[in-house]
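Descriptive analysis of the structure
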Protein chains: 2
Amino acid sequence: MRRFKCVVSYDGTAYIGWQSQCKNNSIQEKIEAVLHRISNEEIKAVAAGRTDAKVHAYGQVFHFDTDFYLDAPRWQWAINGYLPKDIRIQSLEEVGEEFHARFSVKRKQYDYRINLGEYDVCMIHYAYQCRHVLNVEEMEKASKIFIGKHDFSSFCANSLEQFPNQVREIEDIVFSRDKDILTISYRGKGFLRYMVRMLTATLIEVGRGRLTLEDVSKMLDARDKDSCKHNAEPQGLYLMKIEYYQNNENPLEIEEND
Amino acid sequence: MRRFKCVVSYDGTAYIGWQSQCKNNSIQEKIEAVLHRISNEEIKAVAAGRTDAKVHAYGQVFHFDTDFYLDAPRWQWAINGYLPKDIRIQSLEEVGEEFHARFSVKRKQYDYRINLGEYDVCMIHYAYQCRHVLNVEEMEKASKIFIGKHDFSSFCANSLEQFPNQVREIEDIVFSRDKDILTISYRGKGFLRYMVRMLTATLIEVGRGRLTLEDVSKMLDARDKDSCKHNAEPQGLYLMKIEYYQNNENPLEIEEND
(Lines give C-alpha, C1' and ligand atoms only; values in the text may rest on other atoms or scores of the structure.)
Protein backbone atom coordinates (compact mmCIF):
# COMPACT_ATOMS: atom_id res chain seq x y z
CA MET A 1 0.00 0.00 0.00
CA ARG A 2 1.24 3.47 -0.84
CA ARG A 3 0.05 6.85 0.42
CA PHE A 4 -0.23 9.93 -1.79
CA LYS A 5 -0.52 13.56 -0.72
CA CYS A 6 -2.49 15.89 -3.03
CA VAL A 7 -2.82 19.66 -3.08
CA VAL A 8 -6.15 20.55 -4.66
CA SER A 9 -7.83 23.77 -5.81
CA TYR A 10 -11.53 24.14 -6.30
CA ASP A 11 -14.21 26.69 -7.06
CA GLY A 12 -16.71 25.87 -4.33
CA THR A 13 -19.65 27.66 -5.99
CA ALA A 14 -21.36 24.52 -7.29
CA TYR A 15 -20.67 22.27 -4.27
CA ILE A 16 -22.10 21.57 -0.84
CA GLY A 17 -18.56 21.75 0.56
CA TRP A 18 -15.69 19.31 0.93
CA GLN A 19 -17.41 16.60 2.89
CA SER A 20 -19.71 13.95 1.47
CA GLN A 21 -23.18 14.04 2.92
CA CYS A 22 -26.45 12.43 1.94
CA LYS A 23 -26.86 14.99 -0.85
CA ASN A 24 -24.45 14.07 -3.58
CA ASN A 25 -22.51 17.08 -4.66
CA SER A 26 -19.46 17.35 -2.44
CA ILE A 27 -15.90 17.84 -3.61
CA GLN A 28 -14.79 14.76 -1.66
CA GLU A 29 -17.32 12.66 -3.51
CA LYS A 30 -16.26 13.95 -6.94
CA ILE A 31 -12.64 13.11 -6.13
CA GLU A 32 -13.40 9.67 -4.64
CA ALA A 33 -15.51 8.80 -7.68
CA VAL A 34 -12.54 9.60 -9.92
CA LEU A 35 -10.11 7.60 -7.74
CA HIS A 36 -12.50 4.65 -8.00
CA ARG A 37 -12.92 5.08 -11.74
CA ILE A 38 -9.16 4.95 -12.25
CA SER A 39 -8.24 2.12 -9.88
CA ASN A 40 -11.50 0.24 -9.31
CA GLU A 41 -10.56 0.40 -5.60
CA GLU A 42 -12.73 1.98 -2.87
CA ILE A 43 -10.40 4.83 -1.94
CA LYS A 44 -11.10 7.43 0.73
CA ALA A 45 -9.84 11.01 0.30
CA VAL A 46 -8.84 12.28 3.77
CA ALA A 47 -8.66 16.09 3.81
CA ALA A 48 -6.87 18.56 6.08
CA GLY A 49 -10.23 20.00 7.00
CA ARG A 50 -13.72 20.51 5.71
CA THR A 51 -14.71 23.56 3.77
CA ASP A 52 -18.34 24.68 3.77
CA ALA A 53 -20.67 25.09 0.81
CA LYS A 54 -19.49 27.77 -1.66
CA VAL A 55 -16.08 28.14 0.04
CA HIS A 56 -13.13 27.98 -2.36
CA ALA A 57 -9.68 26.43 -2.03
CA TYR A 58 -6.35 27.07 -3.66
CA GLY A 59 -4.47 24.83 -1.25
CA GLN A 60 -6.70 22.15 0.27
CA VAL A 61 -4.71 18.97 1.01
CA PHE A 62 -5.89 15.38 1.12
CA HIS A 63 -4.21 11.99 1.21
CA PHE A 64 -5.30 8.63 -0.11
CA ASP A 65 -4.01 5.07 0.16
CA THR A 66 -3.93 2.66 -2.73
CA ASP A 67 -2.42 -0.55 -4.06
CA PHE A 68 -2.98 0.53 -7.65
CA TYR A 69 0.19 0.55 -9.77
CA LEU A 70 0.30 4.16 -11.07
CA ASP A 71 3.19 6.43 -10.08
CA ALA A 72 2.62 9.97 -8.78
CA PRO A 73 2.77 11.92 -12.09
CA ARG A 74 0.40 9.45 -13.76
CA TRP A 75 -2.02 9.56 -10.83
CA GLN A 76 -2.15 13.35 -11.10
CA TRP A 77 -2.59 13.26 -14.85
CA ALA A 78 -5.34 10.63 -14.64
CA ILE A 79 -7.25 12.35 -11.83
CA ASN A 80 -7.19 15.74 -13.55
CA GLY A 81 -8.36 14.08 -16.75
CA TYR A 82 -11.58 12.93 -15.10
CA LEU A 83 -12.25 15.75 -12.61
CA PRO A 84 -14.70 18.53 -13.50
CA LYS A 85 -13.03 21.77 -14.60
CA ASP A 86 -13.65 23.51 -11.27
CA ILE A 87 -11.57 21.01 -9.27
CA ARG A 88 -7.89 20.63 -10.07
CA ILE A 89 -5.04 18.66 -8.46
CA GLN A 90 -2.13 21.11 -8.22
CA SER A 91 0.44 18.59 -7.04
CA LEU A 92 0.54 14.95 -6.04
CA GLU A 93 3.43 13.12 -4.36
CA GLU A 94 4.03 9.83 -2.61
CA VAL A 95 4.48 10.22 1.16
CA GLY A 96 5.25 7.92 4.07
CA GLU A 97 2.46 6.39 6.13
CA GLU A 98 3.29 8.72 9.02
CA PHE A 99 1.86 11.58 6.96
CA HIS A 100 -1.78 12.35 7.69
CA ALA A 101 -3.52 15.20 5.82
CA ARG A 102 -5.45 16.20 8.94
CA PHE A 103 -3.34 15.21 11.93
CA SER A 104 0.03 16.39 10.58
CA VAL A 105 -1.15 19.97 9.96
CA LYS A 106 1.21 22.61 11.32
CA ARG A 107 -0.48 25.74 10.04
CA LYS A 108 -3.40 26.75 7.81
CA GLN A 109 -4.03 29.95 5.96
CA TYR A 110 -7.51 31.18 5.13
CA ASP A 111 -8.11 34.34 3.10
CA TYR A 112 -11.31 36.35 3.11
CA ARG A 113 -11.88 38.67 0.13
CA ILE A 114 -14.05 41.75 0.27
CA ASN A 115 -14.90 43.89 -2.75
CA LEU A 116 -14.81 47.51 -1.56
CA GLY A 117 -15.47 48.89 -5.02
CA GLU A 118 -18.58 48.92 -7.19
CA TYR A 119 -20.87 45.91 -7.10
CA ASP A 120 -19.33 43.49 -9.58
CA VAL A 121 -21.65 40.95 -11.25
CA CYS A 122 -18.73 38.70 -12.17
CA MET A 123 -17.47 38.55 -8.60
CA ILE A 124 -20.60 37.64 -6.62
CA HIS A 125 -19.35 34.09 -6.08
CA TYR A 126 -15.76 35.10 -5.33
CA ALA A 127 -15.80 38.03 -2.89
CA TYR A 128 -18.16 39.61 -0.40
CA GLN A 129 -19.70 42.63 -2.13
CA CYS A 130 -19.53 45.28 0.57
CA ARG A 131 -21.95 48.16 0.11
CA HIS A 132 -20.57 50.10 3.04
CA VAL A 133 -17.53 52.32 3.40
CA LEU A 134 -15.14 50.49 5.72
CA ASN A 135 -12.56 52.01 8.02
CA VAL A 136 -9.85 49.48 7.22
CA GLU A 137 -7.35 51.00 9.67
CA GLU A 138 -9.78 50.41 12.51
CA MET A 139 -10.40 46.84 11.28
CA GLU A 140 -6.66 46.16 11.39
CA LYS A 141 -6.49 47.44 14.96
CA ALA A 142 -9.42 45.21 15.95
CA SER A 143 -7.82 42.19 14.30
CA LYS A 144 -4.88 42.45 16.75
CA ILE A 145 -7.31 41.50 19.53
CA PHE A 146 -7.72 38.05 17.96
CA ILE A 147 -4.01 37.29 17.57
CA GLY A 148 -2.59 34.78 20.04
CA LYS A 149 -4.14 31.92 21.99
CA HIS A 150 -7.75 32.54 22.99
CA ASP A 151 -10.94 30.72 23.77
CA PHE A 152 -12.88 31.52 20.59
CA SER A 153 -16.23 30.15 21.83
CA SER A 154 -17.88 33.44 20.89
CA PHE A 155 -16.81 32.97 17.28
CA CYS A 156 -17.74 29.35 16.67
CA ALA A 157 -21.01 27.75 15.62
CA ASN A 158 -20.41 24.49 17.50
CA SER A 159 -21.81 23.94 20.98
CA LEU A 160 -19.47 23.71 23.96
CA GLU A 161 -21.20 20.51 25.08
CA GLN A 162 -20.14 18.72 21.92
CA PHE A 163 -16.79 20.48 21.49
CA PRO A 164 -15.53 21.58 24.91
CA ASN A 165 -12.13 22.80 23.71
CA GLN A 166 -12.63 25.97 21.72
CA VAL A 167 -9.18 27.41 22.41
CA ARG A 168 -7.21 28.14 19.26
CA GLU A 169 -4.13 30.16 18.44
CA ILE A 170 -4.07 32.69 15.62
CA GLU A 171 -0.50 33.41 14.56
CA ASP A 172 -1.23 36.43 12.43
CA ILE A 173 -3.92 38.34 10.55
CA VAL A 174 -2.63 40.28 7.56
CA PHE A 175 -4.54 42.87 5.54
CA SER A 176 -3.66 43.48 1.91
CA ARG A 177 -5.28 45.42 -0.87
CA ASP A 178 -5.28 44.89 -4.63
CA LYS A 179 -7.31 47.64 -6.27
CA ASP A 180 -10.86 47.24 -4.89
CA ILE A 181 -10.25 43.88 -3.25
CA LEU A 182 -9.37 43.82 0.44
CA THR A 183 -7.96 40.47 1.53
CA ILE A 184 -7.75 39.46 5.19
CA SER A 185 -5.39 36.50 5.68
CA TYR A 186 -5.65 34.41 8.83
CA ARG A 187 -2.89 31.98 9.81
CA GLY A 188 -3.00 29.48 12.63
CA LYS A 189 -2.82 25.79 13.47
CA GLY A 190 -6.54 25.27 13.43
CA PHE A 191 -9.83 27.12 13.19
CA LEU A 192 -13.25 26.32 14.62
CA ARG A 193 -16.39 25.91 12.55
CA TYR A 194 -17.35 29.30 10.98
CA MET A 195 -14.58 30.97 13.01
CA VAL A 196 -12.91 32.82 10.12
CA ARG A 197 -16.25 33.99 8.77
CA MET A 198 -17.46 35.15 12.21
CA LEU A 199 -14.19 36.98 12.91
CA THR A 200 -14.44 38.62 9.49
CA ALA A 201 -18.06 39.65 10.02
CA THR A 202 -17.02 41.20 13.33
CA LEU A 203 -14.16 43.10 11.67
CA ILE A 204 -16.61 44.36 9.02
CA GLU A 205 -18.88 45.63 11.82
CA VAL A 206 -15.86 47.49 13.22
CA GLY A 207 -15.12 48.87 9.74
CA ARG A 208 -18.70 50.13 9.51
CA GLY A 209 -18.40 51.84 12.89
CA ARG A 210 -21.02 49.62 14.50
CA LEU A 211 -18.58 47.96 16.94
CA THR A 212 -15.66 49.51 18.85
CA LEU A 213 -12.38 47.80 19.74
CA GLU A 214 -13.70 47.56 23.28
CA ASP A 215 -16.85 45.79 22.07
CA VAL A 216 -14.69 43.25 20.23
CA SER A 217 -12.56 42.58 23.31
CA LYS A 218 -15.71 42.08 25.34
CA MET A 219 -17.13 39.69 22.74
CA LEU A 220 -13.97 37.58 22.82
CA ASP A 221 -13.87 37.55 26.63
CA ALA A 222 -17.57 36.71 26.91
CA ARG A 223 -17.16 33.19 25.48
CA ASP A 224 -20.82 33.47 24.66
CA LYS A 225 -22.49 31.82 21.66
CA ASP A 226 -24.91 34.76 21.39
CA SER A 227 -22.34 37.54 21.27
CA CYS A 228 -21.46 37.33 17.55
CA LYS A 229 -24.57 37.57 15.45
CA HIS A 230 -22.92 37.78 12.05
CA ASN A 231 -21.29 35.25 9.78
CA ALA A 232 -19.62 36.59 6.64
CA GLU A 233 -20.82 34.99 3.38
CA PRO A 234 -19.02 31.78 2.39
CA GLN A 235 -18.17 32.91 -1.15
CA GLY A 236 -15.49 35.32 0.12
CA LEU A 237 -13.57 32.55 1.91
CA TYR A 238 -10.57 30.69 0.47
CA LEU A 239 -8.52 27.89 2.04
CA MET A 240 -5.17 29.09 0.70
CA LYS A 241 -2.40 26.98 2.13
CA ILE A 242 -1.62 24.19 4.56
CA GLU A 243 1.80 23.62 6.05
CA TYR A 244 2.77 20.28 7.55
CA TYR A 245 5.11 19.05 10.23
CA GLN A 246 8.11 17.22 8.88
CA ASN A 247 8.80 13.63 10.04
CA ASN A 248 9.10 13.35 13.82
CA GLU A 249 8.43 17.04 14.28
CA ASN A 250 4.70 16.35 14.56
CA PRO A 251 3.36 16.58 18.11
CA LEU A 252 0.22 14.73 16.98
CA GLU A 253 -2.24 16.99 18.70
CA ILE A 254 -5.64 15.94 17.52
CA GLU A 255 -8.35 18.55 17.43
CA GLU A 256 -11.64 16.92 16.57
CA ASN A 257 -13.34 20.18 15.88
CA ASP A 258 -11.20 21.72 13.14
CA MET B 1 -44.78 57.47 -23.43
CA ARG B 2 -41.27 57.92 -22.10
CA ARG B 3 -38.05 56.22 -23.16
CA PHE B 4 -35.36 55.11 -20.70
CA LYS B 5 -31.75 54.19 -21.45
CA CYS B 6 -30.13 51.59 -19.17
CA VAL B 7 -26.52 50.50 -18.79
CA VAL B 8 -26.47 46.92 -17.56
CA SER B 9 -23.77 44.52 -16.32
CA TYR B 10 -24.16 40.77 -16.27
CA ASP B 11 -22.28 37.60 -15.59
CA GLY B 12 -23.20 35.59 -18.68
CA THR B 13 -22.23 32.20 -17.21
CA ALA B 14 -25.77 31.04 -16.46
CA TYR B 15 -27.47 32.47 -19.56
CA ILE B 16 -27.99 31.55 -23.21
CA GLY B 17 -27.01 35.10 -24.14
CA TRP B 18 -28.78 38.44 -24.37
CA GLN B 19 -31.51 37.51 -26.80
CA SER B 20 -34.69 35.66 -25.93
CA GLN B 21 -35.07 32.39 -27.80
CA CYS B 22 -37.36 29.40 -27.40
CA LYS B 23 -35.28 28.22 -24.44
CA ASN B 24 -36.07 30.47 -21.55
CA ASN B 25 -32.91 31.67 -19.92
CA SER B 26 -31.80 34.80 -21.70
CA ILE B 27 -30.80 38.06 -20.07
CA GLN B 28 -33.36 39.96 -22.16
CA GLU B 29 -36.11 37.72 -20.85
CA LYS B 30 -35.06 38.17 -17.22
CA ILE B 31 -35.11 41.93 -17.66
CA GLU B 32 -38.41 42.03 -19.56
CA ALA B 33 -40.04 39.85 -16.89
CA VAL B 34 -38.96 42.35 -14.23
CA LEU B 35 -40.20 45.34 -16.28
CA HIS B 36 -43.56 43.58 -16.60
CA ARG B 37 -43.67 42.71 -12.91
CA ILE B 38 -43.14 46.35 -11.95
CA SER B 39 -45.44 48.05 -14.47
CA ASN B 40 -47.81 45.31 -15.61
CA GLU B 41 -47.03 46.57 -19.16
CA GLU B 42 -45.58 44.41 -21.95
CA ILE B 43 -42.25 46.21 -22.30
CA LYS B 44 -39.53 45.28 -24.77
CA ALA B 45 -35.86 45.74 -23.84
CA VAL B 46 -34.01 46.80 -27.02
CA ALA B 47 -30.27 46.23 -26.67
CA ALA B 48 -27.25 47.72 -28.45
CA GLY B 49 -26.35 44.23 -29.61
CA ARG B 50 -26.68 40.58 -28.74
CA THR B 51 -24.11 38.83 -26.65
CA ASP B 52 -23.72 35.06 -26.98
CA ALA B 53 -24.10 32.41 -24.30
CA LYS B 54 -21.55 32.77 -21.46
CA VAL B 55 -20.36 36.18 -22.68
CA HIS B 56 -20.25 38.85 -19.96
CA ALA B 57 -21.07 42.55 -20.02
CA TYR B 58 -20.01 45.51 -17.94
CA GLY B 59 -21.55 48.02 -20.30
CA GLN B 60 -24.42 46.57 -22.36
CA VAL B 61 -27.05 49.21 -23.12
CA PHE B 62 -30.77 48.79 -23.76
CA HIS B 63 -33.72 51.14 -23.96
CA PHE B 64 -37.37 50.60 -23.12
CA ASP B 65 -40.57 52.59 -23.58
CA THR B 66 -43.26 52.87 -20.95
CA ASP B 67 -46.25 54.83 -19.76
CA PHE B 68 -45.74 53.73 -16.17
CA TYR B 69 -45.38 56.59 -13.70
CA LEU B 70 -42.00 55.84 -12.05
CA ASP B 71 -39.12 58.30 -12.44
CA ALA B 72 -35.62 57.16 -13.46
CA PRO B 73 -34.09 56.58 -9.98
CA ARG B 74 -37.15 54.60 -8.86
CA TRP B 75 -37.14 52.52 -12.04
CA GLN B 76 -33.50 51.62 -11.41
CA TRP B 77 -34.13 50.81 -7.77
CA ALA B 78 -37.17 48.69 -8.57
CA ILE B 79 -35.53 46.76 -11.42
CA ASN B 80 -32.42 45.96 -9.38
CA GLY B 81 -34.63 44.85 -6.52
CA TYR B 82 -36.16 42.10 -8.67
CA LEU B 83 -33.25 41.13 -10.93
CA PRO B 84 -31.09 38.10 -10.09
CA LYS B 85 -27.74 38.96 -8.48
CA ASP B 86 -25.78 38.33 -11.68
CA ILE B 87 -27.59 41.07 -13.63
CA ARG B 88 -27.37 44.67 -12.44
CA ILE B 89 -28.55 47.99 -13.85
CA GLN B 90 -25.58 50.36 -13.50
CA SER B 91 -27.43 53.48 -14.60
CA LEU B 92 -30.84 54.43 -15.92
CA GLU B 93 -31.87 57.76 -17.40
CA GLU B 94 -34.75 59.20 -19.37
CA VAL B 95 -33.85 59.93 -23.00
CA GLY B 96 -35.59 61.43 -26.01
CA GLU B 97 -37.36 59.25 -28.54
CA GLU B 98 -34.58 59.90 -31.06
CA PHE B 99 -32.30 57.70 -28.91
CA HIS B 100 -32.15 54.08 -30.01
CA ALA B 101 -29.94 51.62 -28.10
CA ARG B 102 -28.92 49.87 -31.31
CA PHE B 103 -29.14 52.41 -34.10
CA SER B 104 -27.52 55.32 -32.24
CA VAL B 105 -24.32 53.39 -31.42
CA LYS B 106 -21.14 55.31 -32.22
CA ARG B 107 -18.56 52.90 -30.87
CA LYS B 108 -18.40 49.62 -28.92
CA GLN B 109 -15.62 48.17 -26.86
CA TYR B 110 -15.18 44.43 -26.35
CA ASP B 111 -12.45 43.01 -24.12
CA TYR B 112 -11.08 39.49 -24.31
CA ARG B 113 -9.29 38.16 -21.22
CA ILE B 114 -6.67 35.44 -21.33
CA ASN B 115 -5.10 33.89 -18.24
CA LEU B 116 -1.42 33.36 -19.04
CA GLY B 117 -0.61 32.08 -15.56
CA GLU B 118 -1.42 28.83 -13.78
CA TYR B 119 -4.79 27.22 -14.44
CA ASP B 120 -7.16 28.97 -12.04
CA VAL B 121 -10.27 27.04 -10.92
CA CYS B 122 -12.04 30.26 -9.89
CA MET B 123 -11.51 31.86 -13.29
CA ILE B 124 -12.74 29.20 -15.71
CA HIS B 125 -15.91 31.17 -16.45
CA TYR B 126 -14.16 34.55 -16.66
CA ALA B 127 -11.03 34.17 -18.79
CA TYR B 128 -9.61 31.79 -21.37
CA GLN B 129 -7.17 29.52 -19.56
CA CYS B 130 -4.24 29.42 -21.94
CA ARG B 131 -1.94 26.42 -21.50
CA HIS B 132 0.56 27.69 -24.05
CA VAL B 133 3.33 30.24 -23.81
CA LEU B 134 2.29 33.18 -25.97
CA ASN B 135 4.52 35.61 -27.79
CA VAL B 136 2.48 38.68 -26.92
CA GLU B 137 4.71 41.06 -28.88
CA GLU B 138 4.02 39.09 -32.06
CA MET B 139 0.29 39.09 -31.26
CA GLU B 140 0.34 42.88 -30.96
CA LYS B 141 2.05 43.15 -34.34
CA ALA B 142 -0.56 40.86 -35.90
CA SER B 143 -3.41 42.86 -34.36
CA LYS B 144 -2.31 45.91 -36.38
CA ILE B 145 -3.35 44.03 -39.53
CA PHE B 146 -6.98 44.18 -38.37
CA ILE B 147 -7.07 47.89 -37.62
CA GLY B 148 -8.94 50.03 -40.13
CA LYS B 149 -11.81 49.32 -42.50
CA HIS B 150 -11.76 45.77 -43.89
CA ASP B 151 -14.05 43.10 -45.22
CA PHE B 152 -14.01 40.74 -42.26
CA SER B 153 -15.83 37.87 -44.04
CA SER B 154 -13.03 35.50 -42.98
CA PHE B 155 -13.73 36.28 -39.34
CA CYS B 156 -17.50 36.04 -39.19
CA ALA B 157 -19.82 33.07 -38.73
CA ASN B 158 -22.64 34.49 -40.82
CA SER B 159 -23.05 33.61 -44.50
CA LEU B 160 -22.45 36.25 -47.18
CA GLU B 161 -25.75 35.33 -48.82
CA GLN B 162 -27.69 36.38 -45.73
CA PHE B 163 -25.39 39.25 -44.72
CA PRO B 164 -23.66 40.60 -47.83
CA ASN B 165 -21.98 43.55 -46.12
CA GLN B 166 -19.23 42.22 -43.89
CA VAL B 167 -17.09 45.35 -44.01
CA ARG B 168 -16.40 46.80 -40.58
CA GLU B 169 -13.94 49.32 -39.17
CA ILE B 170 -11.79 48.56 -36.14
CA GLU B 171 -10.53 51.79 -34.58
CA ASP B 172 -7.99 50.25 -32.27
CA ILE B 173 -6.87 47.05 -30.55
CA VAL B 174 -5.10 47.60 -27.25
CA PHE B 175 -3.17 45.02 -25.24
CA SER B 176 -2.84 45.38 -21.50
CA ARG B 177 -1.57 43.13 -18.76
CA ASP B 178 -2.55 42.85 -15.10
CA LYS B 179 -0.44 40.15 -13.45
CA ASP B 180 -1.34 36.92 -15.29
CA ILE B 181 -4.30 38.36 -17.16
CA LEU B 182 -3.76 39.60 -20.70
CA THR B 183 -6.62 41.77 -21.95
CA ILE B 184 -7.13 42.55 -25.63
CA SER B 185 -9.53 45.49 -26.12
CA TYR B 186 -11.23 45.99 -29.46
CA ARG B 187 -12.96 49.26 -30.33
CA GLY B 188 -15.09 49.94 -33.37
CA LYS B 189 -18.54 50.94 -34.53
CA GLY B 190 -19.76 47.43 -35.00
CA PHE B 191 -18.60 43.84 -34.99
CA LEU B 192 -19.86 40.81 -36.92
CA ARG B 193 -21.08 37.62 -35.29
CA TYR B 194 -18.15 35.83 -33.54
CA MET B 195 -15.76 38.40 -35.03
CA VAL B 196 -13.99 39.35 -31.79
CA ARG B 197 -13.64 35.72 -30.76
CA MET B 198 -12.33 34.67 -34.19
CA LEU B 199 -9.85 37.55 -34.31
CA THR B 200 -8.71 36.64 -30.79
CA ALA B 201 -8.31 32.95 -31.66
CA THR B 202 -6.22 34.00 -34.65
CA LEU B 203 -4.02 36.23 -32.48
CA ILE B 204 -3.57 33.31 -30.04
CA GLU B 205 -2.42 31.13 -32.95
CA VAL B 206 0.12 33.84 -33.79
CA GLY B 207 1.20 33.93 -30.12
CA ARG B 208 1.73 30.17 -30.21
CA GLY B 209 3.84 30.48 -33.34
CA ARG B 210 1.37 28.53 -35.47
CA LEU B 211 0.52 31.48 -37.75
CA THR B 212 2.80 34.21 -39.12
CA LEU B 213 1.85 37.84 -39.75
CA GLU B 214 1.80 36.97 -43.45
CA ASP B 215 -0.67 34.13 -42.81
CA VAL B 216 -2.96 36.56 -40.98
CA SER B 217 -2.84 39.09 -43.82
CA LYS B 218 -3.70 36.33 -46.26
CA MET B 219 -6.60 35.16 -44.11
CA LEU B 220 -8.04 38.67 -44.01
CA ASP B 221 -7.60 39.18 -47.74
CA ALA B 222 -9.08 35.77 -48.57
CA ARG B 223 -12.61 36.74 -47.46
CA ASP B 224 -13.14 33.04 -47.08
CA LYS B 225 -15.41 31.44 -44.48
CA ASP B 226 -13.04 28.47 -44.22
CA SER B 227 -9.84 30.36 -43.52
CA CYS B 228 -10.32 30.89 -39.76
CA LYS B 229 -10.93 27.59 -38.05
CA HIS B 230 -10.84 28.81 -34.46
CA ASN B 231 -13.26 30.67 -32.26
CA ALA B 232 -12.00 31.71 -28.81
CA GLU B 233 -14.17 30.52 -25.90
CA PRO B 234 -17.08 32.82 -25.00
CA GLN B 235 -16.24 33.07 -21.30
CA GLY B 236 -13.23 35.32 -21.98
CA LEU B 237 -15.36 37.92 -23.78
CA TYR B 238 -16.78 41.08 -22.18
CA LEU B 239 -18.94 43.80 -23.74
CA MET B 240 -17.30 46.69 -21.89
CA LYS B 241 -18.66 49.96 -23.17
CA ILE B 242 -20.95 51.53 -25.73
CA GLU B 243 -20.68 55.13 -26.84
CA TYR B 244 -23.57 56.92 -28.53
CA TYR B 245 -24.00 59.72 -31.00
CA GLN B 246 -25.40 62.87 -29.51
CA ASN B 247 -28.62 64.38 -30.89
CA ASN B 248 -28.37 65.15 -34.62
CA GLU B 249 -24.83 63.79 -34.80
CA ASN B 250 -26.19 60.33 -35.61
CA PRO B 251 -25.81 59.35 -39.28
CA LEU B 252 -28.35 56.54 -38.73
CA GLU B 253 -26.39 53.86 -40.52
CA ILE B 254 -28.19 50.65 -39.88
CA GLU B 255 -26.17 47.47 -39.87
CA GLU B 256 -28.46 44.51 -39.57
CA ASN B 257 -25.69 42.13 -38.81
CA ASP B 258 -24.11 43.64 -35.70
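Keep in mind the model is a prediction, meaning the values are calculated, not measured. (Residues numbered from 1 in each chain as written. Chains lettered and ligands numbered in written order. Predicted model: local features only at pLDDT ≥ 70, side-chain atom pairs only at ≥ 80, totals over all residues. Heavy atoms only, no water.)

1. A word on the environment of H36 of chain A
Residues and elements named next belong to chain A.
- Take H36: it is sitting in helix α1 (residues 27–39).
- The class of H36 is partly exposed, set by a relative accessible area of 30%.
- Taking the C-alpha atoms as reference, H36 lies 16 Å from R2; in sequence the two are 34 residues apart.
- The contacts of H36, once residues within four sequence positions are left out, are E41 and E42. (Helix = DSSP H or I, 4+ residues; strand = E, 2+ residues; numbered from the N terminus. Buried < 20%, exposed > 50% of the residue type's maximum accessible area, 1.4 Å probe, protein only. Contact = heavy atoms within 4.5 Å.)

2. Structural notes on the interface of chain B and chain A
- At the junction of the two partners, chain B supplies 22 residues and chain A supplies 22 residues.
- The largest contributions to the chain B side of the interface with chain A come from Y119, V121 and C122 of chain B, which together make up 35% of the buried area.
- Between the two partners, chain B and chain A, sit two salt bridges.
- A salt bridge links K179 of chain B to D178 of chain A, with the nearest nitrogen and oxygen atoms 2.4 Å apart.
- Looking at the side of chain B that touches chain A residue by residue, the class counts come to ten nonpolar, four polar and eight charged. (Buried area = accessible area lost by both parts, 1.4 Å probe. Salt bridge = Lys/Arg side-chain N within 4 Å of Asp/Glu carboxyl O. Nonpolar A, V, L, I, M, F, W, Y, C, P; charged D, E, K, R; others polar.)

3. As for the pattern of salt bridges
- In the structure shown here, the tally under the stated rule is 30 salt bridges over all chains.
- Taking the shortest distance from any N to any O, the salt bridge between D172 of chain A and R187 of chain A comes out at 3.1 Å. Note that D172 of chain A is positioned in strand β8 (residues 167–178) and R187 of chain A in strand β9 (residues 181–188), a separation of 15 residues in sequence.
- Judged by relative accessible area, D172 of chain A falls into the partly exposed class, the value being 21%.
- Residue R187 of chain A is classed as partly exposed on the basis of its relative accessible area of 24%.
- With a closest N to O distance of 3.0 Å, R74 of chain B and D71 of chain B form a salt bridge.
- In this structure, a network of salt bridges that share partners links the residues R107, E171, D172, R187 and E243 of chain A.

4. Some remarks on the packing of helix α3 (residues 136–146) of chain B against helix α5 (residues 213–222) of chain B
All names here are of chain B.
- Axis separation between α3 and α5 bottoms out at 10 Å; the angle between their running directions is 25°. When the axis of α3 is compared with that of α5, the two are roughly parallel. Considering only the axes of α3 and α5, their crossing is right-handed. Across the interface between the two elements, E138, K141, A142, I145 and F146 from α3 touch L213, V216, S217 and L220 from α5.
- Residues belonging to the contact of α3 with α5 are distributed by class as follows: six nonpolar, one polar and two charged. (Axes fitted to C-alpha atoms, helices over the stretch in contact; angles between N-to-C directions. Parallel < 35°, antiparallel > 145°, perpendicular 65-115°, else oblique. Left-handed = near helix turned anticlockwise from the far one by under 90°.)

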